[in-house]
Every structure is written in structure tokens, then in C-alpha cells.
Amino acid sequence: AQTHSNLAEAYLSLEDWQRAAESYRNVLTLYPDSAKPYFAACSLYQEKLFAYSEAFELTKHWLQQHPDDIAAQANFAEAHFTTGRFDEAEQRLATLPTNDALRDNAVPLRALQIATLYTLNKRSLISERMTALRKLIAGQAKDFKVEWSFEGTKHFISNDKRLTASRDWLLRLFTAFEGKERDAILVALGEVESGLQTSSTR
């Protein structure tokens, strides 16, 4: 296990994402309850390799063994979105953003919830969610920034034909969270929300 873990770190330094993910999965084979290799492999599949099905199946298997892992449940919600399981993603994101155990990820989970509603054309529900999201961000420290990477989600949006009509707005939504501090994020979100109102009146 230590050898595979060392290999994974070496492959990471070489940016050989595929071999790094495989090495982490080898560690999991030997130590199936070890969280670090699971989260590392899942992140590589989702954010670097854009291997969404692999991220989905890996997390599904992990949760079968660790059903109370709330952080993995958050990953699973995103994996549902990036495998086109939008109805299931909506169900999973109905309560996760308000779970106290996920307080640090409340903002990205609310963003995923809004994106899912937009994708499902449930846009009448978005204004309220956007208001709650902006209120949550406004209550953060001035140097607040979102640590959750949306690279995998944005890549999925950019390439999935089902999202062609929604693509521009969804990408602007997730790009808004790249702001370096609280106020920049709020300004960007205000522009995104204005775009929503404009598209709704067309």
C-alpha cells in the first residue's frame, strides 16, 4: 500500500493523472476503508481526467461501504450532475446544502443545486435560491473564496450536447466563483442573476 501511495505521489508530480488515479485505487484495494486514496482518486477522475463515469462508480462503491460519509455524498451529488442524472442530482441536492456537516461546502453545493434546477428548466425556483446563496456569501469574511474546484463540472457543461441551450448561463454561474474574494464573487453573481432575468423575459 505504501508503495502504491508513493507511486501515486510521484505520478501526481509528473501530472500523470491516469496512473496516479490507478495507484490510489490500488491502495484502496488493499485498504478499502482508507479515505485519502478514495478522495484523491475521485478528484482526479472528476477534475483532471473528466472520467465522470469512473468518479460516479468509485463513489457509489465507497458509499455502499461508508453510507454515512457526508463528504462523499456531496461528491456523489456532483457526479450525478456530470453523468447527466439531473433528476437524481436535484433530489440529492435538496438537503445537502443545509447540512451542518457540510457547512464549509454550502456555497458550492448551492451553486450545483441552482445549476441543476436551471438544467431541468425549473427556473421559477432559482431566484429564491440565488437570494439565499448571495446572502450566505455576504455573511462570509471579506477574503472568502470558494475552494471547491468546478473544472470537471465546467468541462462537462462545455461538452455535453444536452446542455447546449443552457451552456452560456451555466458556465457564467460557475465562473463567478473564481473570484478571489467575497465582493468580487457577489458582483459576478449579480451579473449572472441579471442574465437569468433577461433570458426569462425573452
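If you're wondering where the values come from, they're calculated on a predicted model, not measured in any experiment.

A. Spotlight on the nonpolar core. One finds Ile137, Trp169, Phe177 and Leu189 to be the most contacted residues of the largest nonpolar core, which totals 40 residues. At the level of secondary structure, the elements contributing two or more residues to this core comprise α5 (70–81), α6 (86–92), α7 (106–119), α8 (126–138), α9 (151–159), α10 (167–175) and α11 (182–200). No other element matches the eight residues that α7 contributes to this core. Counting 19 residues, the second largest nonpolar core, distinct from the first, contains Ala21, Ala41, Leu58 and Ala79.

B. Helix α3 (residues 35–48), seen in detail. Over its 14 residues, α3 runs 19 Å from end to end, which matches the ideal 20 Å to within 8%, given 1.5 Å per residue. Elements in contact with the buried residues of α3: α1 (2–13), α2 (17–30), α4 (52–65), α5 and α9. Where α3 terminates, the next one or two residues include Phe50, which has phi positive at roughly 55 degrees.

C. Layout of the environment of Glu147. On the secondary structure map, Glu147 appears in the loop between α8 and α9. Looking at Glu147, the relative accessible area reads 65%, which means it is exposed. Separated by 120 residues in the primary sequence, Glu147 and Val27 place their C-alpha atoms 26 Å from one another.

D. Seen up close, the packing of α1 against α2. Packing of α1 against α2 brings their axes to within 8 Å, and their N-to-C directions diverge by 165 degrees. Put simply, α1 runs roughly antiparallel to α2. For the pair α1 and α2, the crossing hand works out as left-handed. The residues of α2 that touch α1, namely those facing His4, Ser5, Leu7, Ala8, Glu9, Tyr11 and Leu12, are Trp17, Arg19, Ala20, Ser23, Tyr24, Asn26, Val27 and Leu30. A per-class count over the contact of α1 with α2 returns nine nonpolar, four polar and two charged.

Conventions we followed
- All residue numbers refer to position in the chain's written sequence, counted from 1.
- Only residues with pLDDT of at least 70 are given local features in this predicted model, and only at 80 or more are side-chain atom pairs given and counted; all residues enter the totals for whole chains, interfaces and linings.
- For the side-chain quantities, the full set of heavy atoms in the structure was used; hydrogens and water were omitted.
- Take the buried Ala, Val, Leu, Ile, Met, Phe, Trp, Tyr and Cys residues and link them wherever side-chain atoms come within 4.5 Å; each set so joined is a nonpolar core.
- Buried means the residue's accessible area, taken with a 1.4 Å probe over protein chains only, is under 20% of the maximum for its type, while exposed means over 50%, and partly exposed covers the values in between.
- A helix here means a DSSP run of H or I that spans at least four residues, while a strand means a run of E at least two residues long, and both kinds are numbered starting from the N terminus.
- For a helix, the expected span equals 1.5 Å multiplied by the residue count minus one.
- For this analysis, residues touch if any pair of their heavy atoms sits within 4.5 Å.
- In this description, a line fitted to the C-alpha atoms serves as the axis of each element, helices being fitted only across the stretch in contact, and the angle between N-to-C directions of two axes falls anywhere from 0 to 180 degrees.
- In this scheme, roughly parallel covers angles under 35 degrees and roughly antiparallel covers those over 145, while 65 to 115 is roughly perpendicular and the rest are oblique.
- Each helix crossing is assigned a hand: it is left-handed if the near helix lies turned anticlockwise from the far helix by less than a right angle, otherwise right-handed if that turn is clockwise.
- Residue type decides the class: Asp, Glu, Lys and Arg count as charged, Ala, Val, Leu, Ile, Met, Phe, Trp, Tyr, Cys and Pro as nonpolar, and the leftover types, Gly among them, as polar.

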